[in-house]
Amino acid sequence: MAQRWQISVQQEDFDPGAEIDALGGAATGAVVSFVGIARDFSGDFPVEQITLEHYPGMTERSLQDIVEQALARWDLIRVRVIHRVGALRPGERIVLVATASSHRDAAFDACRFIIDYLKTQAPFWKRESGGKGARWVEARDSDERAREQWHRGPAAAPPER
């Protein structure tokens with residue numbers, strides 16, 4: 001059997017449609033995806049560019065651990081994670097998480113789980129720059145609460161939003 005997951009940390013853009021199409025197959029009943037896009041604002045801070053940094057090797061291992069946790073919790077056929085690094089402008093794609101399963105609930109829950117964990121557990125650092133200068137982006141409490149909600153019960157229920 002082919003590997004059930006693929007992870008890429010890259011500077012190059014990606015084609016979400018092609019990535020999602022690659023997850024389909026006769027046994028696939030659902031593919032759920034999340035695409036994160038760079039915004040031109042962060043609160044009251046205008047953003048002209050974000051720069052994403054990471055530790056090569058360590059980052060991929062962290063993402064692999066997150067994906068393996070999802071594979072252990074849900075009946076998934078395939079998982080695809082792409083995270084870009086380097087300088088990005090507003091409107092550019094940053095991240096793709098796509099999950100394929102026989103059933104939609106597993107695909108939805110696993111996709112949300114992976115992005116919630118990626119936001120808090122993967123070693124990425126983001127610096128925003130624009131008309132007001134530059135700053136490192138701090139972790140958000142809301143991201144941490146989203147991740148923590150996955151531990152509330154024995155079932156793999158999605159967090160309440």
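Residues numbered from 1 in each chain as written. Predicted model: local features only at pLDDT ≥ 70, side-chain atom pairs only at ≥ 80, totals over all residues. Heavy atoms only, no water.

Novice: I tried to follow the pairing of strand β5 (residues 49-54) on my own but got confused; where do I start?
Specialist: Each regular strand shows side chains that alternate between the opposite faces of the sheet. Bridge count between β5 and strand β9 (residues 124-130): six bridges; the pairing is antiparallel. The partner of isoleucine 50 across the bridge, within β9, is glutamate 128. In this sheet, strand β7 (residues 86-88) lies alongside β5 in antiparallel orientation, the contact comprising three bridges. Directly across from isoleucine 50, in β7, lies its bridge partner leucine 88. (Pairing = 2+ DSSP bridges. Helix = DSSP H or I, 4+ residues; strand = E, 2+ residues; numbered from the N terminus.)

Novice: Mind showing me how you'd approach the nonpolar core here?
Specialist: Formed by 35 residues in total, the largest nonpolar core has its most connected members in Trp74, Leu76, Val81, Val97, Ile114 and Leu118. Every element with two or more residues in this core is listed here: β1 (5-10), β2 (30-37), β5, α2 (58-73), β6 (76-84), β8 (93-101) and α3 (104-121). Broken down by element, the residue count for this core peaks at nine residues, all from α3. Leu23, Ile82, Ala98 and Ala100 belong to the second largest nonpolar core, which has six residues in total. (Core = buried A, V, L, I, M, F, W, Y, C linked by side-chain atoms within 4.5 Å. Buried < 20%, exposed > 50% of the residue type's maximum accessible area, 1.4 Å probe, protein only.)

Novice: Teacher, can you tell me more about the sheet that holds β8 here?
Specialist: The strands making up a sheet associate through backbone hydrogen bonding, with each pair oriented either parallel or antiparallel. The mixed open sheet is built from four strands, whose spatial order is β1-β6-β8-β2. Of all the strands in the sheet, just β1 and β2 have a single pairing partner and so form its edges. Going across the sheet, the axis of each strand differs from the next one's by a mean of 5°, ignoring polarity. Two elements, β6 and β8, share seven bridges in a ladder whose sense is antiparallel. Each bridged residue has a counterpart across the sheet, and for leucine 76 the counterpart in β8 is serine 101. In the packing of helix α1 (residues 16-23) onto the sheet, the strands contacted are β2, β6 and β8, and the crossing angle to β6 comes to about 160°. Running over the sheet, α2 touches β1 and β6 and is turned about 150° from β1. (Axes fitted to C-alpha atoms, helices over the stretch in contact; angles between N-to-C directions. Contact = heavy atoms within 4.5 Å.)

Novice: Can you walk me through the confidence of the model for the protein in this structure?
Specialist: On average, residues of the protein carry a pLDDT of 91, and 93% of them reach 70 or more. Element-level pLDDT for the protein is lowest in strand β3 (residues 41-42), with a mean of 82, against a maximum mean of 98 in β7. (pLDDT = per-residue confidence, 0-100.)

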